[in-house]
Amino acid sequence: EVQLQAYGGGLVQAGGSLRLSCAASGFTFDKYAIGWFRQAPGKEREGISCINGFDRSTYYADSVKGRFTISRDNVKNTVSLQMNSLKPEDTAVYYCAAQYGRGWCRLDIRYDYWGHGTQVTVSS
């Protein structure tokens, strides 16, 4: 069975850092791009970053560019999101998801697999 589990969220003060991780199983991990998405109450889901499965090419939304860093380990089947200089507007539930393909990753397409999210709360 396919499993994607995001973890590592918590409460942090503005300007602080958190590192989220996504553990994957049940599919050929290195054939899939992995994306990070977030959703705050009352707002639409926002794609924030993705990384492809073969050359580690990455993409970042403008809202997090320069502050967040995505990485992956195709041996451990994990993806991480290092979040620095956190802002209150980063508060949301964060999800990881997987899409099949070797091309540069995208956030504006349908992803194949989704996991449960982890809560990130940034206080002022």
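The notes below deal with the structure included here. The structure displayed is predicted, hence computed values, not measured ones. (Residues numbered from 1 in each chain as written. Predicted model: local features only at pLDDT ≥ 70, side-chain atom pairs only at ≥ 80, totals over all residues. Heavy atoms only, no water.)

Brief notes about the sheet that holds strand β7 (residues 68-73)
The strands making up a sheet are joined through hydrogen bonds of the backbone, oriented either antiparallel or parallel. Spatially, four strands are ordered β1-β3-β8-β7 in an open sheet, and the strand pairing comes out antiparallel. Strands with a single pairing partner mark the edges of an open sheet, and in this sheet they are β1 (3-7) and β7. Adjacent strand axes in the sheet meet at a mean angle of 15° when their direction is disregarded. Pairing of β7 with strand β8 (residues 78-83) involves six bridges; the strand directions are antiparallel. (Pairing = 2+ DSSP bridges. Helix = DSSP H or I, 4+ residues; strand = E, 2+ residues; numbered from the N terminus. Axes fitted to C-alpha atoms, helices over the stretch in contact; angles between N-to-C directions.)

Quick notes on the packing of aromatic side chains
In total, this model carries eight aromatic pairs according to the counting rule given. Through a chain of ring-to-ring contacts, three or more aromatic side chains come together here, namely Phe-27, Phe-29, Tyr-32, Tyr-100 and Tyr-113. Over the face of the ring belonging to Phe-37 we find Arg-45, whose NZ or CZ atom lies 5.9 Å from the ring centre. (Phe/Tyr/Trp six-rings, centres within 6.5 Å; stacked < 30°, edge-to-face > 60°. Lys NZ or Arg CZ within 6 Å of the ring centre and 35° of its normal.)

Here's the deal with the state of the cysteines
Here the structure, examined in full by the defined rule, presents two disulfides. The disulfide partner of Cys-22 is Cys-96, and the gap between their sulfur atoms is 2.1 Å. Taking the torsion about the sulfur-sulfur bond, which here is approximately 70°, the covalent link between Cys-22 and Cys-96 counts as right-handed. Taken together, the positions of Cys-22 in strand β3 (residues 18-25) and Cys-96 in strand β9 (residues 92-100) put the pair 74 residues apart, joining distant regions of the chain. As far as burial versus exposure is concerned, Cys-22 and Cys-96 are alike and both buried. Put simply, Cys-50 and Cys-105 are joined by a disulfide, and their sulfur atoms are 2.1 Å apart. With the S-S bond torsion at 80°, the cross-link from Cys-50 to Cys-105 turns out right-handed. (Disulfide = S-S within 2.5 Å. Buried < 20%, exposed > 50% of the residue type's maximum accessible area, 1.4 Å probe, protein only.)

Quick notes on the pairing of β1
Residues Leu-4 and Ala-6 line the buried face of β1, whereas the alternating positions Gln-3, Gln-5 and Tyr-7 sit on a face that is not buried. Sheet analysis places β1 next to β3, joined by five bridges and oriented antiparallel. Bridging from a neighbouring strand, Gln-3 pairs with Ser-25 of β3.

Structural notes on the pairing of strand β4 (residues 32-39)
The side chains of a regular strand alternate, first on one face of the sheet and then on the other. Burial of β4 is extensive: seven of the eight residues sit out of reach of the surface. With eight bridges connecting them, β4 and β9 associate as antiparallel partners. For Arg-38, the partnering residue across the bridge sits in β9 and is Tyr-94. Examined bridge by bridge, β4 and strand β5 (residues 46-51) share five bridges and lie antiparallel to one another. Among the inter-strand pairings, Gly-35 is bridged to a residue of β5, identified as Cys-50. Joining the antiparallel neighbours β4 and β5 is a turn of six residues, in which Gly-42 adopts a positive phi near 80°.

Overview of the nonpolar core
Ranked by internal contacts, the top residues of the largest apolar core, which has 29 residues, are Trp-36, Phe-68, Val-79, Leu-81, Met-83 and Tyr-94. Among the secondary structure elements, those contributing two or more residues to this core are β1, β3, β4, β5, β7, β8, β9 and β11 (118-123). Listed in part, the seven residues of the second largest apolar core include Ala-33, Phe-37, Ala-97 and Leu-107. (Core = buried A, V, L, I, M, F, W, Y, C linked by side-chain atoms within 4.5 Å.)

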